[in-house]
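Examining the three-dimensional arrangement
Given next are the chains, with one letter for each unit.
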Amino acid sequence: MINKNIFWILLTFIAFSCKNNDTDQSKNNMTATQNPLLENFNTPFQVPPFDKILPEHYMQAFEIAMRKYNEEIQAIVNNTEKPNFSNTAEKYFNAGSLLNTVNLLFSNTESSNSSLEIDKISSEINPKLSAFRDGITMNQKLFEKIKIIYDEKDKLNLTPEQNYILENVYKSFVKNGALLPKDKQDELKKINQELSGLTVKFEQNLLAETNSFKLIIDKKEDLAGLTDDVIAAAAETAQKDSLFGKWVFKTNKPSMIPFLQYAKNRDLREKIYFAYTNRCNNNNDKDNKKVLSTIIDLRARKAVLLGYPNYAAYKLESRMAKSPEKAFALLNQLWTKSIKVAKKEAIELQQIITKEGGKFKLASWDWWYYSEKLRKQKYNLDENELRPYFKLENVVNGVFTVATKLYGITFTPIKNIPLPHPDAQAFEVKEADGKHLGVFYLDFFPRESKNGGAWCTEYRSHHFENGKEITPITTVVCNFTKPTKDAPSLLSMDETETLFHECGHAFESLMSKVKYLTTFSAQDFVELPSQLNEHWAFNKEVLKLYATHYKTGAVIPDALVDKLNNSSLFNQGFATTEYLAASLLDLSYHSLAKAKNLDILKFEKDYFIKIGLIPEIVSRYRSTYFAHIMSGYDAGYYGYIWAAVLDNDAFEAFREAGIFDTNTARAYRKNILEKDGEADPEQMYLKFRGREAKIEPLLKQRGLL
């Protein structure tokens, strides 16, 4: 996330007609110069003045930014010179910079620091943004100019980057209705606006439902099995709700997962897990079944309207997979292997239950609890042994150390700089020679105004403006275990891996050398940098650099590292199966040619029966809280495993040369990190690796050979 979810929110292909942009002056009592979003950012490194931006600033900023962007588009359209790359394509690629800035700021605020005011603005502005986008992709005069250049591109002596973007811009116009007759364009506009509003509603419902559940415990015996730090965190959560002397657990993962892993009370484990897996499926005003059903139907109608058999075919055409058939082929190949391993794991867990005298069958809410027992039994490893060595600050240092060793970049804390939230931290990122690369924000802890999961995004992307290099402002947002008054934030293995993952996205953003605001990253390629970075997290050589006991300062002992590495294949059947189930469900929804009045629960149930998902495992995301497919991973959740083939193959290059080999790192940076968005992903990988990726390293890494 995109969740590990990264979302790259780059607002391209947005247009607006002045006749539809009449500002309601009764809502607009401030002048443009009083709006910090519309002024030059007089801050260190020109970061946004977060401390001055209020919700009421956004609508005016959107309206003025749209008008400005429209003027830029009209200038291109009205130019009487023959269209060429510099007077048309290049101007189009970098148009709308103000709107891009406003939208990035708003989108980041909406996901990490929302409020009732922000939610209201989102519901109002997103359908308008959809209309703006349609206004440009269906602008016949603009399209004709782009087409002239596209048709002559082989004669224009373009750079590979220019050619790649021009080709994708042309295709994006076609895929967004430029060739449709007017009545079909009008139908498409209506679909797009309805989709925009519904996706916002889906996400708002999910955040509200996640925040609403509280497992309140008032008997100390019901805390049996939980560690002191987990209990302390639950007590602090209860105190914030004025529930003194009690303990509160929520369905965000830092609260829920430790409870599922260690709480002895099986009934309570079932209660919190049921609440988690039934979010927005409770037949109330936050229910997402009808919302999702309508979204799937509208997406199918949109694809058919544009000449595609289904929405998955429409989306995957511009990705590495090219077609849903190829994506399904990979997923099904892995499914056959992973479900076989998962069934063996379930038998082992049932054996523990039986051995302990349990008279019940293993259920989904038991998996974490008994898998921890099995981990200890098989490898003499308890995750609580590891947590003291993964203090958040130490893990951050580990991530930074790896980046410095590989790429030479450094991270310097910045004081007295506006922060997107008081919890956030800021760093200046520099090259080895001291050249400024960008600003990097980190925001770690859950709050009710923040979406669940973890992601990386930008407040400003790398590009050139009037010949001047504009450096990125990148942020990683997480929901990690909070520190308590008695202990710092101690990360789980999953949280540690998540931080390495999201920072992998960030390093791509910070080291980007792309020239234009308009870029085209293949969604099933963007997870390569993040997932590759995970490989360093638990490497023995790397652990010795950052994993020190938070109390004693002692480096993690070899015996514990060996236990950790020996258990690397543990529970991989479960982890791969629950992920693949969600990926297959996503692709299956979006492979429907028609979906009117789709019964979401029946479709989901029937599909999981069809593929043989065992009842002991619940799909990583069930339909009503599958947020990824609302925020860029629609018909694309498979992309994580597609990229996993690449990242495991890529790490083999580092294994062969040395995990900190600077020549390999330089080749990876030059051919992938700096180029993504302005070059074909297959060609980027071939230039880095010298060949296509092989699947065997992935199968080996997951124990599926």
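Time to look at the overall build of the protein. For the protein, the helix and strand inventory stands at 26 helices and nine strands. Its C-alpha atoms give the protein a radius of gyration of 25 Å, within 12% of the compact-globule value 27 Å for 705 residues. Viewed in the frame of its principal axes, the protein has a C-alpha envelope of about 85 × 60 × 55 Å. Surface accessibility of the protein: about 29,000 Å² in total, with carbon and sulfur atoms responsible for 50%. Of the side chains in the protein, 92 bear a positive and 90 a negative charge, and the two mean positions are spaced by 2 Å.

This part covers the side chain of Ser-338. Residue placement: Ser-338 occurs in helix H13 (residues 324–355). Among the residues examined, Ser-338 registers a relative accessible area of 0% and is labelled buried. When neighbours within four sequence positions are excluded, Ser-338 is seen to be in contact with Gly-573, Thr-576, Thr-577, Leu-580 and Leu-704.

By the definition in use, this model includes 50 aromatic pairs. Summarising the aromatic geometry, the rings of Trp-367 and Phe-574 are spaced 4.9 Å apart at their centres and angled 20° between planes, so their arrangement reads as stacked. With a gap of 207 residues between them, Trp-367 in helix H14 (residues 367–379) and Phe-574 in helix H21 (residues 572–589) connect regions that are remote in the sequence. Across the pair, Phe-574 and Trp-367 agree in class, each one buried. Ring centres of Phe-400 and Phe-427 lie 5.1 Å apart, and the angle between their planes is 80°; this geometry places the pair in the edge-to-face category. Residue Phe-400 is located in helix H16 (residues 392–407), and its partner Phe-427 is located in strand S4 (residues 425–430); the two are separated by 27 residues in the primary sequence. The residues Phe-400 and Phe-427 share a single accessibility class, namely buried. Lying over the aromatic face of Phe-360, Arg-266 brings its terminal NZ or CZ to 3.8 Å of the ring centre. Residue placement shows Lys-405 over the ring face of Phe-660; its charged tip is 5.3 Å from the ring centre.

To continue, consider the nonpolar core. Residues Phe-249, Phe-390, Phe-440 and Trp-536 are the most contacted members of the largest nonpolar core, which totals 173 residues. Ranked by residue count, the leading element in this core is H13, at 12 residues. Formed by 52 residues, the second largest nonpolar core is a distinct cluster that contains Phe-62, Ala-89, Ile-121 and Ile-149.

Mean pLDDT for the protein: 93, with 95% of residues reaching 70 or above. The low-confidence segment residues 1–29 (pLDDT under 50) makes 106 contacts with residues lying over four places distant or belonging to another chain.

It is worth spelling out the packing of helix H1 (residues 56–78) against helix H5 (residues 140–151) at this point. For the pair H1 and H5, the least separation of the axes is 9 Å and the interaxial angle reads 60°. By the criterion of interaxial angle, the relationship of H1 to H5 is oblique. Between H1 and H5 the crossing geometry is left-handed. Listed contacts from H5 to Ile-73, Ile-76 and Val-77 of H1 are Lys-141, Leu-142 and Lys-145.

On to the pattern of salt bridges. Within the structure shown, the criterion is met by 37 salt bridges. Across the pair Lys-315 and Asp-634 runs a salt bridge, and its minimum N-O distance is 3.6 Å. Highlighted residues: Lys-315 in helix H12 (residues 311–316) and Asp-634 in the loop between helix H22 (600–611) and helix H23 (639–657), separated in sequence by 319 residues. Where Glu-385 meets Lys-563, a salt bridge forms, and the shortest distance between an N and an O atom there is 3.8 Å. With Glu-385 in helix H15 (residues 383–386) and Lys-563 in helix H20 (residues 558–566), this pair connects stretches of sequence that are 178 residues apart. On the accessibility criterion, Glu-385 (31% relative accessible area) is partly exposed.

The grouping of Lys-190, Lys-290, Arg-301 and Lys-596 at the surface amounts to a positive patch. Turning to its location among the elements, Lys-190 is positioned in helix H7 (residues 182–212). With relative accessibility at 62%, the residue Lys-190 sits in the exposed group.

Next up on the list: the pairing of strand S6 (residues 455–460). For S6, the tally of buried residues reaches six of six residues, placing the bulk of the element in the interior. Sheet analysis places S6 next to strand S9 (residues 473–477), joined by five bridges and oriented antiparallel. By the bridge assignment, Arg-460 is partnered in S9 with Ile-473.

Turning our attention to the environment of Ile-629. Assignment of secondary structure puts Ile-629 in the loop between H22 and H23. For the pair Ile-629 and Asp-586, spaced 43 residues apart in sequence, the C-alpha to C-alpha distance is 7.4 Å. The contacts of Ile-629, once residues within four sequence positions are left out, are Leu-292, Arg-299, Asp-586, His-590 and Asp-634.

Ordered by their spatial adjacency, five strands build an open sheet running S3-S4-S5-S9-S6, and the pairing between neighbours is mixed. Each edge of the open sheet is held by one strand with a lone partner, namely strand S3 (410–413) and S6. Within the sheet, the average angular offset between the axes of one strand and its neighbour, ignoring direction, is 30°. Of the pairings in the sheet, the one linking strand S5 (residues 436–443) to S9 comprises five bridges and is parallel in character.

The next subject is unusual backbone geometry. Positioned with a positive phi, Cys-280 is a non-glycine residue whose angle comes to about 60°. Residue classification places Cys-280 among the buried positions, given a relative accessible area of 0%. Positive phi outside glycine occurs at Asn-571, with the angle close to 65°. On the secondary structure map, Asn-571 appears in the loop between H20 and H21.

Looking now at the environment of Leu-243. Within the secondary structure layout, Leu-243 lies in the loop between helix H8 (228–240) and strand S2 (247–249). Spatially, the C-alpha atom of Leu-243 lies 8.7 Å from that of Ile-216, the residues being 27 residues apart in sequence. Setting aside residues up to four positions removed in sequence, Leu-243 forms contacts with Ile-216, Ala-238 and Val-248.

Our next topic: the environment of Met-59. Secondary-structure assignment places Met-59 in helix H1. For Met-59, a relative accessible area of 14% translates into the label buried. Through-space distance from the C-alpha of Met-59 to that of Leu-207 is 23 Å; in sequence the pair is 148 residues apart. When neighbours within four sequence positions are excluded, Met-59 is seen to be in contact with Ile-121, Glu-124, Ile-125 and Lys-128.

One way to put it is that H1 packs onto helix H2 (residues 85–93) with a least axis distance of 9 Å and a crossing angle of 165°. Considered as vectors, H1 and H2 are oriented roughly antiparallel to each other. Two packed elements cross with a definite hand, and for H1 against H2 that hand is left-handed. Residues Tyr-69, Ile-73 and Ile-76 of H1 form the contact with H2, whose own contacting residues are Asn-87, Thr-88, Lys-91 and Tyr-92. Grouping the constituent residues of the contact of H1 with H2 by class yields four nonpolar, two polar and one charged.

How each quantity is defined
Residues numbered from 1 in each chain as written. Predicted model: local features only at pLDDT ≥ 70, side-chain atom pairs only at ≥ 80, totals over all residues. Heavy atoms only, no water. Helix = DSSP H or I, 4+ residues; strand = E, 2+ residues; numbered from the N terminus. Rg over C-alpha atoms; globule rule 2.2 N^0.38 Å. Areas by Shrake-Rupley, 256 points an atom, 1.4 Å probe, with all protein chains shown as cover. Lys, Arg positive; Asp, Glu negative; His and termini not counted. Charge placed at Lys NZ, Arg CZ, Asp CG, Glu CD. Buried < 20%, exposed > 50% of the residue type's maximum accessible area, 1.4 Å probe, protein only. Contact = heavy atoms within 4.5 Å. Phe/Tyr/Trp six-rings, centres within 6.5 Å; stacked < 30°, edge-to-face > 60°. Lys NZ or Arg CZ within 6 Å of the ring centre and 35° of its normal. Core = buried A, V, L, I, M, F, W, Y, C linked by side-chain atoms within 4.5 Å. pLDDT = per-residue confidence, 0-100. Axes fitted to C-alpha atoms, helices over the stretch in contact; angles between N-to-C directions. Parallel < 35°, antiparallel > 145°, perpendicular 65-115°, else oblique. Left-handed = near helix turned anticlockwise from the far one by under 90°. Salt bridge = Lys/Arg side-chain N within 4 Å of Asp/Glu carboxyl O. Patch = residues over 30% accessible without salt bridge, like charges linked within 9 Å, V, L, I, M, F, W, Y side chains within 5 Å. Pairing = 2+ DSSP bridges. Nonpolar A, V, L, I, M, F, W, Y, C, P; charged D, E, K, R; others polar.

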